[in-house]
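Structural features, examined
Chain by chain, the residues:
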Amino acid sequence: MSFEREVEIPFDVLKLDDYTYVVPHGIRVDTDILVRSGVDNISLVNRNVTVGPADSDASASFDSHPLFPADELLSVKSVNPKLVRYSNELLKLLGMTIEVIYDHFSEANEKIQQIDPTQLSISRGRLIIGEVPHEDMNIVWTGRSFVVIPAAAKLLPSEQVVVEAEGSITGGQFRCKYGMLNILRR
């Protein structure tokens, strides 16, 4: 069991009417849908590249295709980084739902095979597992087992904080470097 909550996935870079966008690598792109939606020129710029967050300076003056507003501005990791756009509207039009992306990448990545697709999202050019809790979390020994509770919660006399933990909530459990632990709700 891995405690990492981010999985790097490859992307393809498409040029749609002079605007560069990324789509997950290896999933078929139906260009007929793009043409019917109003895209005149489609070309493949790069295949199988990794991307990361772009510098905040560049994003101020970077516009998007009118049909596909950019949710994120990313940078292709290379010697000469290229700015690209990530658009949920584009993926939605192409039928690249999170379930389709999960099916494609789970075949080759054991980290996500045990995860429910509803617990995945894409952000900063990575596949994100679960959601980050909005408060600090502690691993607590209850006298019988280890559980996770919010750091601000009051402890019972029989409970003892073992360590503060970073992780994500996945499938109703807390996923961290110590494994999957139950979350104690009070």
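Note that the coordinates shown come from a computational prediction; the quantities given were computed from them, not determined experimentally. (Residues numbered from 1 in each chain as written. Predicted model: local features only at pLDDT ≥ 70, side-chain atom pairs only at ≥ 80, totals over all residues. Heavy atoms only, no water.)

Within the fold, Ser106 resides in helix H4 (residues 98-106). On the accessibility criterion, Ser106 (10% relative accessible area) is buried. Those residues in contact with Ser106 that sit more than four places away from it in its chain are Ile112 and Gln113. (Helix = DSSP H or I, 4+ residues; strand = E, 2+ residues; numbered from the N terminus. Buried < 20%, exposed > 50% of the residue type's maximum accessible area, 1.4 Å probe, protein only. Contact = heavy atoms within 4.5 Å.)

Every buried residue belonging to H4 is among Ile98, Ile101, Tyr102, Phe105 and Ser106, and all of these are buried. The buried residues of H4 occupy an angular sector of 115° when the element is viewed end-on, so they sit on one face. In the core, the buried residues of H4 are packed alongside strand S3 (19-24), helix H5 (110-113), strand S8 (120-123) and strand S9 (126-129). (Arc of directions from axis to C-beta.)

The strand order across the open sheet built from 3 strands is S1-S9-S8, with neighbouring strands paired in antiparallel fashion. Taken across any chain shown, the strands that pair with only one partner, and hence form the sheet edges, are strand S1 (6-8) and S8. Neighbour to neighbour, the strand axes of the sheet diverge by 30° on average, direction disregarded. As paired strands, S8 and S9 are joined by 4 bridges and run antiparallel to one another. (Pairing = 2+ DSSP bridges. Axes fitted to C-alpha atoms, helices over the stretch in contact; angles between N-to-C directions.)

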